[in-house]
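# Working through the structure, step by step
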Amino acid sequence: AFVSLYRFRSNSKKRTREAANPEVPCLLRTLFPDLYPRRTLLDDHAQLLARGLSEGVRGDLEPPRDCHEGRSTPPLWLGMHAEHTGDMVR
């Protein structure tokens, strides 16, 4: 089991973001796949493919590509959104 001491603030950036962008918890779990059951991750992927990414999250991921160099998750997330929208040619 994974135990963490985390300070919970009801008005934090994370809480505000989760309320405005419901896909954020799914995205966060994809950053640490070894901490979650496979079924949870598969459900997250299905949910992301079904809903896509909100405009706010896409805006955070659209900076110049060199900002994400060496990181696999931003292109994965953008690819899942492209599959959701049917825009697979990029």
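All of the points below concern the structure found in this document. If you're wondering where the values come from, they're calculated on a predicted model, not measured in any experiment. (Residues numbered from 1 in each chain as written. Predicted model: local features only at pLDDT ≥ 70, side-chain atom pairs only at ≥ 80, totals over all residues. Heavy atoms only, no water.)

Looking now at the packing of helix α1 (residues 13–20) against helix α2 (residues 24–31). Following both chains from N to C, one finds α1 and α2 inclined at 120 degrees, their axes separated by 8 Å at the closest point. For the element pair α1 / α2, the angle class is oblique. Contacts between α1 and α2 pair K14, R17 and E18 from the former with V24, P25 and L28 from the latter. Its residues assigned to classes, the contact of α1 with α2 comprises three nonpolar, no polar and three charged. (Axes fitted to C-alpha atoms, helices over the stretch in contact; angles between N-to-C directions. Helix = DSSP H or I, 4+ residues; strand = E, 2+ residues; numbered from the N terminus. Parallel < 35°, antiparallel > 145°, perpendicular 65-115°, else oblique. Contact = heavy atoms within 4.5 Å. Nonpolar A, V, L, I, M, F, W, Y, C, P; charged D, E, K, R; others polar.)

This paragraph deals with α2. Residues V24, C26, L27 and T30 constitute the buried set of α2. Seen end-on, α2 carries its buried residues on one side only, within an arc spanning 160 degrees. Of the surrounding elements, those touching the buried residues of α2 are α1, α3 (38–51), α4 (55–61) and α5 (73–85). (Buried < 20%, exposed > 50% of the residue type's maximum accessible area, 1.4 Å probe, protein only. Arc of directions from axis to C-beta.)

With 13 residues, α5 extends 18 Å from end C-alpha to end C-alpha; this agrees with the ideal 18 Å at 1.5 Å per step. Those residues of α5 that fall on the buried side of the exposure criterion are T73, P74, W77, L78, M80, H81 and A82. G86, located one to two residues past α5, shows a positive phi value of around 85 degrees. (Expected span 1.5 Å × (residues − 1).)

Next up on the list: the packing of α2 against α3. When two helices pack together, you describe them by how their axes are tilted relative to each other and by the distance separating the axes. Where α2 meets α3, the axes come as close as 10 Å, and the angle between the chain directions of the two elements is 130 degrees. Judged by the angle between their axes, α2 and α3 are oblique. Where α2 crosses over α3, the two elements pack in a sense that is left-handed. On α3, the residues touching C26, L27, R29 and T30 of α2 are T40, L41, D44, H45, Q47 and L48. Of the residues in the contact of α2 with α3, the class split is four nonpolar, four polar and two charged. (Left-handed = near helix turned anticlockwise from the far one by under 90°.)

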